[in-house]
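Residue-level structural notes
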Amino acid sequence: MIDLQALLAFNAAYAEAIDDDHLERWPLFFAQSCHYRITHVENEREGLPAGVVWADSRAMLEDRVAALREANIYERQRYRHLLGIPVVERADAHGATARTPFMVARVMANGETLLFATGVYRDRFVKEGGELRLAERVAVCDSTVTDTLMALPL
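To keep things clear, this report deals only with the structure shown in the data block.

Definitions and cut-offs
Residues numbered from 1 in each chain as written. Predicted model: local features only at pLDDT ≥ 70, side-chain atom pairs only at ≥ 80, totals over all residues. Heavy atoms only, no water. Phe/Tyr/Trp six-rings, centres within 6.5 Å; stacked < 30°, edge-to-face > 60°. Helix = DSSP H or I, 4+ residues; strand = E, 2+ residues; numbered from the N terminus. Lys NZ or Arg CZ within 6 Å of the ring centre and 35° of its normal. Buried < 20%, exposed > 50% of the residue type's maximum accessible area, 1.4 Å probe, protein only. Pairing = 2+ DSSP bridges. Core = buried A, V, L, I, M, F, W, Y, C linked by side-chain atoms within 4.5 Å.

Looking at the packing of aromatic side chains
Under the criterion given, the structure shown has ten aromatic pairs. Taking 5.4 Å as the distance between ring centres and 90° as the angle between the ring planes, the aromatic pair formed by F10 and F29 counts as edge-to-face. Residue F10 is found in helix α1 (residues 4–19), and its partner F29 is found in the loop between α1 and β1 (30–40); the two are separated by 19 residues along the sequence. The rings of F10, Y14, W26, F29, F30, Y36, F102, Y121 and F125 are connected pair by pair, giving a single aromatic cluster. The ring centre of Y14 lies 4.3 Å from the NZ or CZ of R137, which sits over that ring. For the cation-ring pair, R137 lies above Y121, with the distance from its terminal atom to the ring centre recorded as 3.8 Å.

Here it is in structure tokens:
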């Protein structure tokens, strides 16, 4: 059975990979066939699939990391995630669905720190090769305004 403690540990490791700039590890939190999207609350409420970021495979997530490392030009920054306790909607030995509130602070190279994003992760977890993986993570941001400096994954 996938339990709350497993989801807490998973989310902590996920946030640490992003916050500590181990972005190459980030796609490994996802199943090979997955869905990752960053959107906002109004799009979600209206059932609109549009997202600021949209990927439907781990390979697309790996490409995003490669682009961040090699091709994209953006102001140096890092994130610090603060995650709430997941609300487990369903869980069994094969998978789980949960909602986890998040706050992300963005720390710029000059030291400026600001609250960058708040919202909720809407997740569907699966077991793949005995490991917990995300089959789907939709980061639903509270604000309908998207900062143009959104380079890193949430």
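Re the pairing of β1
Counted residue by residue, β1 has nine buried out of eleven residues, so it is predominantly covered. In this structure, β1 lies alongside strand β7 (residues 131–141), joined through seven bridges in parallel fashion. Bridge assignment links H35 to a residue of β7, and that residue is E136. In this structure, β1 lies alongside strand β2 (residues 53–55), joined through three bridges in antiparallel fashion. Residue pairing across strands places Y36 opposite A55, the latter belonging to β2.

Description of the nonpolar core
Side chains of nonpolar character tend, in soluble globular proteins, to be buried together. Among the nonpolar cores identified, the biggest contains 35 residues, and Y14, F30, Y36 and L154 are the most heavily contacted of them. Among the elements of the structure, α1, β1, β2, α3 (58–70), β5 (95–108), β6 (113–128) and β7 are those that each provide at least two residues to this core. By residue number, the principal contributor to this core is α1, which donates five residues.

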